[in-house]
Amino acid sequence: MDRKGKQKIKFICLILGVMALLAAVFFCKVLYEKKIFEDQKEELSIIYPELADELSENISYYAGKNIQIDFLMMPVAVVLTVIALTGTYFLLTSANKREITEAENELDYIYEQLLRFQNGNVDMVPLPEESSSPKFADVCDKLRDLGYYFSDLKERLAQ
């Protein structure tokens, strides 16, 4: 399996792990809220025994509503997280592709210039304007110096 395949598998595992973590957090939250509502129901029935049935119904109603909202919010949170992770992944991979393309263009320029030197043509190929790498500029300067050297050598050999 190549490096990109392994990266995709790691990314999928990351998404599944985040989804499992979010689901676990929501389920723990629901269980904790249920425990709190049960404790509140018990305390209020002790404090107000004459209203125990009414309080029990009210607390059960609101507890049920909170649990429903939690179960509706869990898929929304999972989907938003997956979208955010996927967007981040594609932004990072597109930036890497752009860097790779720029490096390949720079190498193509150097290769073309060296082929010209090999064929005896010491004229410089015009520099690509989109390159901003300082190393590439240094290499181009060295190629230009090499072109001057070959040109001078060619003139000496012609004499």
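Just above sits the structure.
Keep in mind the model is a prediction, meaning the values are calculated, not measured.

The rules behind these values
Residues numbered from 1 in each chain as written. Predicted model: local features only at pLDDT ≥ 70, side-chain atom pairs only at ≥ 80, totals over all residues. Heavy atoms only, no water. Axes fitted to C-alpha atoms, helices over the stretch in contact; angles between N-to-C directions. Helix = DSSP H or I, 4+ residues; strand = E, 2+ residues; numbered from the N terminus. Parallel < 35°, antiparallel > 145°, perpendicular 65-115°, else oblique. Contact = heavy atoms within 4.5 Å. Nonpolar A, V, L, I, M, F, W, Y, C, P; charged D, E, K, R; others polar. Patch = residues over 30% accessible without salt bridge, like charges linked within 9 Å, V, L, I, M, F, W, Y side chains within 5 Å. Areas by Shrake-Rupley, 256 points an atom, 1.4 Å probe, with all protein chains shown as cover. Salt bridge = Lys/Arg side-chain N within 4 Å of Asp/Glu carboxyl O. Phe/Tyr/Trp six-rings, centres within 6.5 Å; stacked < 30°, edge-to-face > 60°. Buried < 20%, exposed > 50% of the residue type's maximum accessible area, 1.4 Å probe, protein only.

**Some thoughts on the packing of helix H2 (residues 52-118) against helix H3 (residues 134-158)**
Moving on, step 1. The interhelical angle for the contact between H2 and H3, taken along N-to-C directions, is 5°, at an axis separation of 11 Å. Judged by the angle between their axes, H2 and H3 are roughly parallel. For the pair formed by H2 and H3, the contact residues are Glu-106, Tyr-109, Ile-110, Gln-113, Leu-114 and Phe-117 on the first element and Phe-136, Val-139, Cys-140, Leu-143, Leu-146, Gly-147 and Phe-150 on the second.
Moving on, step 2. Classifying every residue of the contact of H2 with H3 gives 10 nonpolar, 2 polar and 1 charged.

**So, the side chain of Asp-70**
Moving on, step 1. Topologically, Asp-70 is positioned in helix H2.
Moving on, step 2. In contact with Asp-70, other than residues within four places in its own chain, are Phe-26, Lys-29, Val-30 and Glu-33.

**Describing a nonpolar patch on the surface**
Moving on, step 1. A contiguous nonpolar surface patch, about 550 Å² in accessible area, is contributed by Ile-69, Met-73, Val-76, Val-79, Leu-80 and Ile-83.
Moving on, step 2. Take Val-76: it is sitting in helix H2.

**A word on the packing of aromatic side chains**
Moving on, step 1. Tallying each qualifying case throughout the model produces 4 aromatic pairs.
Moving on, step 2. Centre to centre, the rings of Phe-11 and Tyr-89 are 4.3 Å apart; their planes meet at 25°, and the pair counts as stacked. Of this pair, Phe-11 sits in helix H1 (residues 3-47) while Tyr-89 is found in helix H2, placing the two residues 78 residues apart along the sequence.
Moving on, step 3. Ring geometry for Tyr-61 versus Tyr-62: centroids 5.2 Å apart, planes at 75°, classification edge-to-face.
Moving on, step 4. The class of Tyr-61 is partly exposed, set by a relative accessible area of 48%.
Moving on, step 5. Judged by relative accessible area, Tyr-62 falls into the exposed class, the value being 52%.
Moving on, step 6. Through a chain of ring-to-ring contacts, the aromatic side chains of Phe-11, Tyr-89 and Phe-90 assemble into a single cluster.

Honestly, that's just the spatial picture; any functional story needs more than this.
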